[in-house]
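# Structural overview
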Amino acid sequence: MQNLDSTFAALADSTRRAILMRLAKGDLTVMELAKPFNMSQPAISRHLKVLEEAGLISTTIRAQERPRRLETTQLKKATDWIEKYRQMWEKRYQVLDGLLEELQTMQIKGDQ
């Protein structure tokens, strides 16, 4: 559950979500990741550290570069957790829909 907490905490920030979206297109270095943001390279590095600690990205070493890569395992766990609750609420809504239909049918019969 701790991993799930850190995943959702990392995803709570719009800059980090934007970084993940960019990494979904391919590996990027810190400088490449920092380009569209109006913030310093150290600020981007702090965001990357949070993402890496949450297991959402990893760093590889390629000569002088250290590109970041999107890691999908933690995102899958978060999606699975959300899906479980979506299914639960869907079932509850179906029960409510059935109850509403039954009440409407009773009202129509009572009006006749």
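Position labels on residues start from 1 in each chain and follow its written sequence. Owing to the predicted nature of the model, reporting of local features is limited to residues with pLDDT of at least 70; listing and counting of side-chain atom pairs is limited to 80 or more, with chain, interface and lining totals taken over all residues. In computing side-chain values, all of the structure's heavy atoms are included and hydrogens and water are not.

## A look at the overall build of the chain
Stated precisely, the cut-off is as follows: In this description a helix means any DSSP run of H or I spanning at least four residues, a strand means any run of E spanning at least two, and both kinds are numbered starting from the N terminus. Think of it in three bands: with a 1.4 Å probe and only protein chains considered, a residue is buried below 20% of the maximum accessible area for its type, exposed above 50%, and partly exposed in between. Residues are treated as being in contact if the distance between any of their heavy atoms lies within 4.5 Å. Charge assignment: positive for Lys and Arg, negative for Asp and Glu; neither His nor the chain ends contribute. For the purpose of locating charges, the reference atoms are NZ of Lys, CZ of Arg, CG of Asp and CD of Glu.
Helices and strands together make up the secondary structure of the chain, namely five helices and two strands. Counting only C-alpha atoms and orienting by the principal axes, one finds that the chain spans roughly 80 × 30 × 20 Å. Across the 112 residues of the chain, 24% fall into the buried class. Summarising the internal contacts of the chain: among those between residues at least 6 apart in sequence, 48% fall at separations of at least 24. Side chains of the chain carry 18 positive and 15 negative charges; the gap between the two charge centres is 8 Å.

## A short note on a nonpolar patch on the surface
Our working definition: Note that patches include only residues with greater than 30% relative accessible area and no salt bridge, and the join distances are 9 Å for like charges and 5 Å for nonpolar side chains (Val, Leu, Ile, Met, Phe, Trp, Tyr). Each accessible area value is a Shrake-Rupley result obtained with a 1.4 Å probe; residue values ignore everything except the protein chains displayed when judging cover. Counted as salt bridges are all cases of a side-chain nitrogen of Lys or Arg within 4 Å of a carboxyl oxygen of Asp or Glu.
Together, F8, W81, I82, Y85, W89, Y93, L96, L99, L103 and M106 make up an exposed nonpolar region whose accessible area comes to about 970 Å². Per-element accounting of the nonpolar patch gives the leading share, nine residues, to helix α5 (residues 73–111). Within the secondary structure, W89 sits in helix α5. The exposure class assigned to W89 is partly exposed, which follows from its relative accessible area of 40%.

Don't take any of this as a statement about function, it's just geometry.
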